[in-house]
Amino acid sequence: ISALQLENVNISAGNMGVGRRDYRIRTIGEFTSEEDIGGVVLKSTGQQRILLADVATVQRGFAKRSGVVIHNGQGGIACGIKPEPGVNILEMTDRVQERVNWLNAEKLAPEKIKFQWVYDQRRYIRGAIDLIQMNILYGGLLAIGVLLLFLRSIRSTLVVALAIPTSIIGTFMFMAAMGRNLNVISLAGIAFAVGMLVDNAIVVIENIDRHRQMGKTPFDAAYDGTREVWGAIIASTLTTIAVFLPVVFIQEEAGQLFRDIAIAVVAAVSLSLVISMTVIPMFSFKLFSAVKTARRKKGAVSRLGEKISGILMFFVGFATRNWATRIGTVLLLIFLAIGSVLLLMPKTDYLPLGNRNFVLSFLIPPPGQSLEERIEIGEHLFRLAEPHMQKEHDGFPGILNMFYVGRESFMIFGAMATDWDRAADLTPLFERWIFTIPDMFGIAKQVGIFQTRLGGGRTIDVDISGDDLDSLFKAAGVMFGKSRQQLKGFGVRPVPSVEITFPEVRLEPHRDRLKANNMTARDLGVALDVLMDGRKVGEYKQEGKKTIDMVLKTADESILTPEELYNSLITTPGGKIVPVSSLSELVRTTGMTQIRHLERKRTVTLQVTPPKEMPLQEAMEKLESEIVSPVRAMGLLKGIDINMSGAAEKLVQTREALKWNFMLAAVISYLLMASLFGNFIYPLIIMLTVPLAGAGGFMGFTLLNILSSKPQPMDILTRLGFIILIGIVVNNAILIVHQALNNVHSGMEHRQAVLESTRSRLRPIYMSAATSIFGMLPLVIFPGSGSELYRGLGSVILGGIAVSTIFTVFIIPSILIFVIRMEKVKTGQSGLE
């Protein structure tokens, strides 16, 4: 029964020669009440009138139940809230909870129902933000402590330390102007920048102090000291900024995370450059003007520093003594760097899993499971969970909340732990429960912090595609069986089922009998729909309310067996009442409930979840060598395509993008330095620090996994650290090369110019390295919510800075002496000045 609706009937009428006016006539026969529906005239002869209400009952009702939802042992309805892109999760969740509380108090209480708040991410997010804020605070204090140790002056330390809060506050303002939200990743970027914020200020204040010790006036010391190094700090800052340019334009899923870090670091470092060029000289001038400068007495720290400097310069002098020692030093360090990379390079992973308090289990039921059986499974699971509710039991954490959803298309159950840091410990317990259900298997896993769909997260989708269903399902079944046998600790879930033996009942029409009764196969299908669950025939709508489906169904009890349906009676267009069995034949057979297509080919997907401690790259190689290759050798993959998608595909795409972005960042840094130096040779020498930093990055990452109780995967956020290192580690080499050119242009002999440059820059180089290392150290050593996002990244940067700082003072002078001889010894200014 459908509404009568006549639209867009246009009638044109003349208008006394003035023109024409088009009228739109719309005839509507929509139902607005149950009485309207019951009043539909089915037959009218003038003497007899039959209404719908005479032969049917019109009443409100509910759709047939097809699934079950149980929460903490009670039935209910699940309702989820999904945020729009760009929404602040904390603010949105607070607003939703406020609205839910209002609904419970004002609307639902009289109906004796309520919304029960089950899960949100606020605790994890706020814990991660609190941790990163603490890291920023501790990192800043440690950096200031290092400055105080080196400068041995509270006033000078305060001048340099001023760059930290001003740059951070300015970064907040910059991000707000760009419409960016502060999140764990962007705050981590600011925390990484804390140690780098004082690098430029250190170079400036140290050089001003050196000029002041020469006996210059406060103004001359501030001016000459800043002028002498401004080219070097501009070059080092621009290289740091430049390496992030390729990162910002990464389009893969991880690009959003990269952009947050890039924007935070670029803003902070750029502001620190402005501060070091303006605020630091001004405060230095005021400081030296207010305080009468005297020769500082050499304390124990100063004497120790001079002793260490002397030892380093002895080895630098030995390394640069002649051409043989120089070449030997360069080759030795380069080979050590390459060997370390090859030896320590781990397998890569995609996004970090995190420690979200949410464990999800996927059930793969046997064919043809009824609603009643699904309800029984849910009740069985909650009986098993009862000893664990709200308390620890048998060494497993307590269950705070638990839910179960049983539908025809999927069955899942999940829970939160009472101990928010031990949710992953529930995984083996849930897998044990799954196998207590007859003919049932499935997987349980902790949901990742970046997982947005069922079966997502760290899941490798093995897509098995082909045209022939029999060979396709045979190959998929063999691969599924081998995966369960050989891949210990892996979770494997087929989508759809690898079985094509789902019980199926078909009613095959007798077309000649249908024709004799003036019916078609479609007419028979409609009648069968009405006999079973009913068939939608229209919509019913009251003014100002949502539409309701109008369903035509029989008044009899629900048909529970195929035989009842086969023996039911239907009416033909001629008015005869005949059984369904006279128009069709009942056939029992098997079939499938779902056919998936990928790139127009029929596809079965095995969703494989590797163990938490195994990187995705290793899992992919294991799948290829132990599952795909043996099945291919058996000849079962003829005419069948195998493709790995999901997180595996994203890993390959992002890894490829990062590889090219690493090369592009190196090229941009090189060309930028070439333009600033006006020379192509010196930037090439400076770039030799990059392999040293790479080796140090792998050393730092390996050391983190040795000392940490929780292994850190080499995920794509960690790999970003190697790109960041390009812009950081060249800074020390730039200082040495730049000052060596200044010395040569001032009339100093070439080798002496290089050695003097190295000696005069040792202090700012190691000050900068120490502040960077100690400023980032809390990010690596403090565990907690969200730390898994940036611990690996921090370890790579710390290791790269440490190793490159130690060996830069050897490799750069060794090779610089060879090429600086092309510079003429004369009095003048460097091109960078």
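Residues numbered from 1 in each chain as written. Predicted model: local features only at pLDDT ≥ 70, side-chain atom pairs only at ≥ 80, totals over all residues. Heavy atoms only, no water.

Section: the pairing of strand S11 (residues 460-466)
For step 1, the next point in the chain: Burial within S11 is extensive, with seven of its seven residues counted as buried.
For step 2, the next point in the chain: With burial as the criterion, each face of S11 is covered, one bearing Ile460, Val462, Ile464 and Gly466 and the other bearing Asp461, Asp463 and Ser465.
For step 3, the next point in the chain: Note: S11 against strand S20 (residues 601-609), seven bridges, orientation antiparallel. Across the sheet, the residue bridging to Asp463 is Thr605, located in S20. (Buried < 20%, exposed > 50% of the residue type's maximum accessible area, 1.4 Å probe, protein only. Helix = DSSP H or I, 4+ residues; strand = E, 2+ residues; numbered from the N terminus. Pairing = 2+ DSSP bridges.)

Focus on the nonpolar core
For step 1, the next point in the chain: Counting residues in hydrophobic clusters, the biggest one holds 166 residues, and the most contacted among them are Phe258, Ile261, Ile460, Tyr790 and Ile797.
For step 2, the next point in the chain: Examining the composition of this core, we find that 19 residues originate from one element, helix H24 (residues 716-745), more than from any other.
For step 3, the next point in the chain: Residues within four places of Tyr790 in sequence aside, it is in contact with Leu131, Ile132, Asn135, Val184, Ala188, Phe192 and Leu779.
For step 4, the next point in the chain: Counting residues in hydrophobic clusters, the runner-up holds 26 residues, among them Ile70, Leu381, Ala423 and Leu429. (Core = buried A, V, L, I, M, F, W, Y, C linked by side-chain atoms within 4.5 Å. Contact = heavy atoms within 4.5 Å.)

Some remarks on the packing of H24 against helix H26 (residues 787-819)
For step 1, the next point in the chain: Where H24 contacts H26, the two axes come as close as 8 Å, and the packing angle between them is 25 degrees. With respect to each other, H24 and H26 are oriented roughly parallel. With respect to the hand of their crossing, H24 and H26 are arranged in right-handed fashion.
For step 2, the next point in the chain: Partitioned by chemical class, the residues of the contact of H24 with H26 number 19 nonpolar, eight polar and no charged. (Axes fitted to C-alpha atoms, helices over the stretch in contact; angles between N-to-C directions. Parallel < 35°, antiparallel > 145°, perpendicular 65-115°, else oblique. Left-handed = near helix turned anticlockwise from the far one by under 90°. Nonpolar A, V, L, I, M, F, W, Y, C, P; charged D, E, K, R; others polar.)

A few points about unusual backbone geometry
For step 1, the next point in the chain: At Lys112, a residue that is not glycine, the phi angle is positive and equals roughly 60 degrees.
For step 2, the next point in the chain: Its place among the elements puts Lys112 in the loop between helix H3 (89-108) and helix H4 (122-151).
For step 3, the next point in the chain: In this structure Lys112 comes out as exposed when scored by relative accessible area, which is 77%.
For step 4, the next point in the chain: The phi dihedral of Asn518 falls on the positive side, at around 60 degrees, and the residue is not glycine.
For step 5, the next point in the chain: Structurally, Asn518 is set in the loop between helix H17 (511-516) and helix H18 (521-531).
For step 6, the next point in the chain: Owing to a relative accessible area of 61%, Asn518 belongs among the exposed residues under this scheme.

Side note on the pattern of salt bridges
For step 1, the next point in the chain: Applying the stated criterion across every chain, the model contains 18 salt bridges.
For step 2, the next point in the chain: When the shortest N-O distance is used, the salt bridge between Glu756 and Arg759 registers 2.4 Å. Taken as a pair, Glu756 and Arg759 lie in helix H25 (residues 750-781) at a separation of three residues, close to a single helical turn.
For step 3, the next point in the chain: By relative accessible area, Glu756 is classed as partly exposed at 26%.
For step 4, the next point in the chain: Given a relative accessible area of 42%, Arg759 falls into the partly exposed group.
For step 5, the next point in the chain: Through salt bridges with shared partners, one network takes in Asp94, Asp120, Arg122 and Arg126. (Salt bridge = Lys/Arg side-chain N within 4 Å of Asp/Glu carboxyl O.)

Quick notes on H25
For step 1, the next point in the chain: Its 32 residues give H25 an end-to-end C-alpha distance of 44 Å, which sits within 8% of 46 Å, the value for a rise of 1.5 Å per residue.
For step 2, the next point in the chain: A bend of about 45 degrees at Arg761 is the largest found in H25, and the proline Pro764 appears one to four places after it.
For step 3, the next point in the chain: Capping of H25 at its N-terminal end is provided by Glu749; its side-chain oxygen lies 3.2 Å from the backbone amide nitrogen of Arg751. (Expected span 1.5 Å × (residues − 1). Bend = angle between axes of the 7 residues up to and from the residue. Polar contact = N/O pair within 3.5 Å; in protein donor to acceptor, adjacent residues only side chain to side chain.)

Considering the sheet that holds strand S9 (residues 411-417)
For step 1, the next point in the chain: What the six strands build is an open sheet, ordered S6-S5-S8-S9-S7-S10; its pairing is antiparallel. The open sheet has two edge strands, strand S6 (74-75) and strand S10 (441-446), and neither has a second partner.
For step 2, the next point in the chain: Where strand S5 (residues 68-71) and strand S8 (residues 399-406) come together, four bridges link them in antiparallel fashion. Following the sheet pairing, His71 is matched in S8 by Phe403.
For step 3, the next point in the chain: Across the sheet, helix H15 (residues 426-434) is in contact with strand S7 (359-364), S8, S9 and S10; its angle to S10 comes to roughly 165 degrees.

Things to note about the environment of Thr348
For step 1, the next point in the chain: With respect to the helices and strands, the residue Thr348 is situated in the loop between helix H13 (323-344) and S7.
For step 2, the next point in the chain: Placed 367 residues apart in sequence, Thr348 and Asp715 show a C-alpha to C-alpha distance of 5.7 Å.
For step 3, the next point in the chain: The residues contacting Thr348, other than those within four sequence positions of it, are Pro615, Leu616, Gln617, Leu651, Arg655, Met714 and Arg719.
For step 4, the next point in the chain: Here Arg655 takes part through its side chain, which lies 3.1 Å from a polar atom of the side chain of Thr348.

Section: the environment of Leu42
For step 1, the next point in the chain: Mapped onto the elements, Leu42 comes out in strand S3 (residues 41-44).
For step 2, the next point in the chain: Taking the relative accessible area as the measure of exposure, Leu42 reaches 48% and is therefore partly exposed.
For step 3, the next point in the chain: Leu42 sits twelve residues away from Asp54 along the chain, and the two C-alpha atoms are 9.4 Å apart.
For step 4, the next point in the chain: With sequence-adjacent residues up to four places away left out, Leu42 is seen in contact with Ile50, Leu51, Leu52 and Val55.

A few points about a nonpolar patch on the surface
For step 1, the next point in the chain: Together, Trp323, Ile327, Leu331, Phe335, Ile338, Leu342 and Phe818 make up a nonpolar patch on the protein surface, roughly 760 Å² of accessible area in all.
For step 2, the next point in the chain: With respect to the helices and strands, the residue Phe335 is situated in helix H13.
For step 3, the next point in the chain: What makes Phe335 exposed here is its relative accessible area of 56%. (Patch = residues over 30% accessible without salt bridge, like charges linked within 9 Å, V, L, I, M, F, W, Y side chains within 5 Å. Areas by Shrake-Rupley, 256 points an atom, 1.4 Å probe, with all protein chains shown as cover.)

Brief notes about the packing of aromatic side chains
For step 1, the next point in the chain: What the rule picks out here adds up to eleven aromatic pairs.
For step 2, the next point in the chain: Aromatic side chains Tyr138 and Phe782 sit 5.7 Å apart centroid to centroid with 80 degrees between the ring planes, which places their arrangement in the edge-to-face category. Of this pair, Tyr138 sits in helix H4 while Phe782 sits in the loop between H25 and H26, and the two are 644 residues apart along the sequence.
For step 3, the next point in the chain: Judged by relative accessible area, Tyr138 falls into the partly exposed class, the value being 36%.
For step 4, the next point in the chain: Ring plane angle 90 degrees and centroid distance 6.1 Å describe the contact between Phe219 and Phe285, whose orientation is recorded as edge-to-face. On the criterion of sequence distance, the pair formed by Phe219 in helix H9 (residues 218-242) and Phe285 in helix H11 (residues 255-290) is long-range, its members being 66 residues apart.
For step 5, the next point in the chain: Put simply, the rings of Tyr119, Phe358 and Phe403 touch in pairs and so form one group of aromatic residues.
For step 6, the next point in the chain: Of note, Arg326 hangs over the ring of Phe818, and the distance from its end group to the ring centre comes to 5.4 Å. (Phe/Tyr/Trp six-rings, centres within 6.5 Å; stacked < 30°, edge-to-face > 60°. Lys NZ or Arg CZ within 6 Å of the ring centre and 35° of its normal.)

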